[in-house]
Every structure is written in C-alpha cells, then in structure tokens.
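# Overview (structure and organization)
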Amino acid sequence: MEEVMKIEGGHLLEGEVTISGAKNATVALIPAAVLANGPVTIVGIPQIADVESLANILRLLNVEVTEVAQDHLIIDPTHMVNVDLDNDIVTKLRASYYFMGALLGKYGHVRIRMPGGCYLGPRPIDLHLKGFEALGADVVYEKGCYTVSAKKLKGAKIFLDIASVGATINIMMASVYAEGRTTIENAAKEPEIIDVATLLNKMGARIRGAGTNVITIDGVRSLTGCFHEIIPDRIEAGTFIIIAAAMAKRMVVSNIIPQHLESLLSKLQEMGVKMEVGIDKVVIEQSGKLRGVDVTTRPYPGFATDLQQPLTALMTSAEGESRVSETIYMERFKHCLELQKMGADIELFNGSAVIKGPTHLYGSKVSATDLRCGAAMVIAGLMAEGVTEIHNVYHIDRGYSEIDRKLQTLGAKIWRENVQD
Ligand code: EPU
C-alpha cells in the first residue's frame with residue numbers, strides 16, 4: 001500500500017495562512033547546534049520529515065533532543081560522542097552533509113556516508129571538500145563514506161568557484177574553532193546563511209559579512225548554548241503566494257519577510273497578479289487573466305530555483321508563452337513531464353522549458369518526483385478539473401510543514417488515502 005495525496009481541484013481559496021520556519025535554515029541550524037558546549041534552544045521548527053531525520057542523527061551522536069512544543073526544540077550536546085555516521089538515516093536527506101562541517105569543526109574528525117536528498121541532476125560536494133582541505137583537513141572517500149580529519153584546523157582564504165549555499169555554511173561551521181581567520185570569497189548570500197551565522201554568533205562565534213559575498217570567521221575557543229528563532233520559510237511563502245495567484249478569492253500569507261521574496265513578487269506583478277505587500281505579509285486578491293513571463297533562476301537575490309517548479313504550474317494558466325531557464329540545476333524539469341500528464345503544453349529544451357497557455361488542466365495520477373515538483377503538483381491539482389492523485393508524497397512531507405492542514409483551512413479539498421502500489 002502507498003499513501004497518496006488527493007486533491008479535488010477547482011475550489012476557490014480564502015483566508016490566512018501562517019508560514020513556518022525556513023526548512024533550509026532549520027536543516028543547517030540543527031547540525032550547527034552541536035558546535036555548542038551547552039543546550040541550544042531553537043523555536044520556529046517546521047513540522048517536516050527532514051527535522052525528524054536530523055533529530056535521529058543527533059540521537060546517534062548521543063545529543064539530547066527535547067521537543068518542548070511542536071515548533072520548539074532543545075538540543076543539548078553536553079554528552080555528545082563523535083560516532084561514525086555510516087547509518088542509512090544520513091542518506092534520507094541532503095542536509096546531513098552539514099554534520100561534516102559541524103563534527104570536523106568540533107572534533108577535527110568526521111566519518112559520514114554520502115548525503116541523499118532530491119535528485120535534481122548531479123549535485124557534487126567538491127567545494128565543501130576543497131574548503132575543508134584548505135583548512136588543513138584530509139579527505140578520504142571509500143565504500144560510500146567520507147572520512148575528513150585534521151590534526152589542527154587553521155584559518156585560510158577560500159574562494160568558491162560557485163556561490164554554493166551548502167559549501168558556504170559547511171565551511172563556516174568547520175572554521176568557527178579553527179585557529180586564526182578564515183575568509184570565504186564568492187560566498188553564497190541566501191538569507192538562510194545569515195540565519196546560521198546569527199545562531200553561531202549568539203553561541204559566541206565571530207562571523208562577519210554573512211549575506212554578502214565575503215564572509216570572515218575568526219576562530220574562537222569555546223561556544224555556549226543560546227536561544228534562536230528561525231526566519232520564515234521564503235520558499236513555503238512563495239509557494240502559497242503562487243497558490244493564491246492561481247486559486248484564491250483573497251488570501252493573506254503572513255509571517256513572511258517580503259524582502260526575501262522580491263524576485264518572485266516582481267515576476268508575479270509582471271504576470272498581472274493583484275497583491276498588496278505589508279511589513280510581514282502579502283495579501284493576494286483574485287486576479288483576472290495572467291500574462292506569460294520569462295524567468296531565469298539565479299542565486300539569491302535572483303529568482304530561486306526552488307520556486308521555479310511551483311511557478312511553472314501557474315504559468316500553464318497564463319496567456320501566451322512563458323519560458324523558464326535553469327542556471328542552478330539544469331535537469332530540474334521533471335515536474336514538466338508530470339504537468340504534461342495533466343494537459344499542460346510544455347516543450348523542454350536543454351536547461352529550459354517553454355510553457356504555452358492558458359491550458360485547462362485535468363486531474364490525473366502524477367508523481368512528486370522531488371520536493372518542489374511535489375509543490376508544483378499540489379498547485380496544479382488545486383487548479384485542475386477533477387481529482388489529482390499525487391504519488392511519492394514523502395518528498396512533499398520532507399519540506400512542507402502541515403501542507404494539507406494549511407490548505408484545508410483555506411478551503412481546499414485535499415486528503416490522503418492508502419492505495420495499492
Ligand atoms: N555545486 C557544485 N559543487 C559543490 C556544491 C554545489 O558544483 O560542492 C553546484 C550545484 O551542483 C549547483 C550549484 O552549485 O549547481 C548551487 O548548489 P548549492 O550548493 O547552492 O545547493 P545546495 O546547498 O546543495 C541548497 C538548498 C536547495 C536549493 C539550493 C540552491 C538546502 C538543504 N538545499 O542546496 O534546496 O535548491 O541550495 O538555492 O539548503 C529545496 O529546498 O528543494 C532544495 C533543493
């Protein structure tokens with residue numbers, strides 16, 4: 001039996017949705033917490049499967065994890081033991097690679113399996129490893145496991161060939177205890193990086209420049225526990241704003257930082273979506289006809305690759321031609337094949353897709369081939385005539401907090417069923 005998500009499309013949505021803490025910050029903040037020598041309290045934790053997987057990894061390391069409330073964790077690494085992370089749990093998500101930087105930083109040694117996560121085409125981690133090597137570590141890869149060790153970590157100047165989110169965060173974590181100054185040039189500038197630097201600085205680290213393309217880390221001797229509240233999830237927020245643009249009579253998307261969503265909001269304005277942007281919310285009104293637009297994914301503050309897939313679903317309802325060009329993950333187009341099953345008119349090229357609209361979508365059996373493809377399927381399902389059945393929903397549950405409940409509150413007809421495989 002497989003649990004599937006079913007959506008009866010065509011119902012207008014109305015009401016307010018509150019956005020949860022950012023998944024891609026959370027999955028780095030949890031491993032970062034082990035760098036402390038006392039309890040770290042984090043609030044705003046989203047209810048997602050990736051958090052459960054990370055908590056299980058923490059337990060393997062003998063870190064005490066207490067769930068004080070649904071969105072509130074206390075992580076206490078006081079009695080932590082640096083065991084090998086060659087367990088299957090590591091391969092359930094991509095972010096397990098943050099334990100490389102965290103354990104290397106704290107103990108000068110880590111042994112961990114290759115990380116998992118969504119397949120979006122090749123996702124190398126060479127820049128993470130080059131960064132560790134620059135700090136003085138040796139990297140050995142054998143039998144699916146990385147062993148990274150250093151007698152002593154020393155600050156270094158590291159230039160990233162690509163502004164990688166993961167490499168920037170991992171190098172920050174590996175260098176907080178290193179002797180002297182580490183400089184990351186061409187660092188990624190995503191808001192999640194600022195959030196991780198903020199947590200580490202509250203613990204006593206000395207990180208400057210997070211959010212710009214040059215970050216400096218001056219090594220410290222000791223880090224203490226602290227309290228931290230996670231920033232809102234800009235990708236979940238963007239997903240709900242796109243849902244509202246597609247299907248809402250009127251929707252308020254609250255607990256957001258609109259500045260983190262500027263590239264999406266201006267694209268939606270160009271499409272003709274009616275919105276009012278407040279300090280921590282966006283109000284979306286029912287729009288008339290939408291216009292097709294072109295979008296190219298770029299590192300932050302450019303258009304987020306994670307919102308490209310949800311936006312494609314909306315583009316099927318826009319008049320004329322839209323083009324999506326990927327510069328981050330050239331193969332991130334599996335959602336287009338699923339949208340085609342629902343009646344979308346999409347032509348795929350190498351690294352881009354052309355969507356002709358408006359097309360009428362019909363409920364169909366589709367697959368959430370990866371997390372954001374899952375979001376695109378939910379959006380298409382809400383727009384479509386009839387019932388859409390989404391398979392592989394575990395991808396959606398890895399990254400969207402209580403998506404069914406949030407949509408039901410807005411008036412969507414969405415439920416789960418067990419069906420024969
Ligand atoms: N890259 C390399 N070598 C490296 C690292 C990255 O060539 O060592 C390349 C990647 O292949 C990609 C580009 O650099 O072409 C950028 O990758 P980045 O390292 O920035 O991505 P990531 O850290 O693996 C995070 C998010 C992704 C999001 C990307 C881009 C997490 C856990 N994941 O991945 O989120 O798409 O940044 O913004 O933070 C998602 O949430 O659905 C998701 C996939």
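To start, this report covers the structure provided alongside it.

Cut-offs used in this document
Residues numbered from 1 in each chain as written. Predicted model: local features only at pLDDT ≥ 70, side-chain atom pairs only at ≥ 80, totals over all residues. Heavy atoms only, no water. Helix = DSSP H or I, 4+ residues; strand = E, 2+ residues; numbered from the N terminus. Contact = heavy atoms within 4.5 Å. Pairing = 2+ DSSP bridges. Axes fitted to C-alpha atoms, helices over the stretch in contact; angles between N-to-C directions. Near = heavy atom within 4 Å. Polar contact = N/O pair within 3.5 Å; in protein donor to acceptor, adjacent residues only side chain to side chain. Areas by Shrake-Rupley, 256 points an atom, 1.4 Å probe, with all protein chains shown as cover. 1 Å grid on protein atoms, 1.4 Å probe; cavity = no way out; pocket = protein on both sides within 12 Å on 5 of 7 lines; lining within 4 Å. Sits in = over half its atoms within 2 Å of the grid points. Buried < 20%, exposed > 50% of the residue type's maximum accessible area, 1.4 Å probe, protein only.

### Re the environment of Val220
Along the chain, Val220 falls in the loop between strand S12 (214-218) and strand S13 (227-229). Sequence separation between Val220 and Gln259 is 39 residues, and the spatial gap between their C-alpha atoms is 32 Å. Once you skip the residues sitting within four places of it in the chain, Val220 turns out to touch Val176, Tyr177, Gly204, Ala205 and Arg206.

### Comments concerning the sheet that holds strand S14 (residues 248-254)
Read across the sheet, four strands follow the order S2-S14-S16-S15 without closing on themselves; strand pairing throughout is mixed. Two strands lie at the open edges of the sheet, namely strand S2 (13-18) and strand S15 (274-277), each paired on one side alone. If you compare each strand with its neighbour and ignore which way they point, the axes differ by 10° on average. Bridge count between S14 and strand S16 (residues 281-285): five bridges; the pairing is antiparallel. Each bridged residue has a counterpart across the sheet, and for Val252 the counterpart in S16 is Val283.

### Remarks on the site of the ligand
The local shell around the ligand holds 24 residues, among which Leu127, Ser164, Asp306, Ile328 and Arg372 are the closest. Between the ligand and the protein, one listed contact pairs an oxygen atom with a side-chain N or O atom of Asp306 at 2.6 Å. At 2.7 Å from an oxygen atom of the ligand is found a side-chain nitrogen or oxygen belonging to Arg372. For the ligand, whose unbound accessible area comes to 830 Å², protein coverage reaches 90%. A majority-of-atoms criterion places the ligand in the largest pocket.

### Section: helix H3 (residues 98-107)
The buried fraction of H3 amounts to nine of the 10 residues, a majority that puts the element mostly inside the structure. For H3, the complete set of buried residues consists of Tyr98, Phe99, Met100, Gly101, Ala102, Leu103, Leu104, Gly105 and Lys106. Structurally, H3 contributes buried residues whose contacts are with helix H1 (23-33), helix H2 (49-60), strand S6 (109-113), helix H4 (126-134), strand S8 (145-149) and helix H5 (165-175). Looking one or two residues past H3, Gly108 carries a phi angle of roughly 75°, positive in sign.

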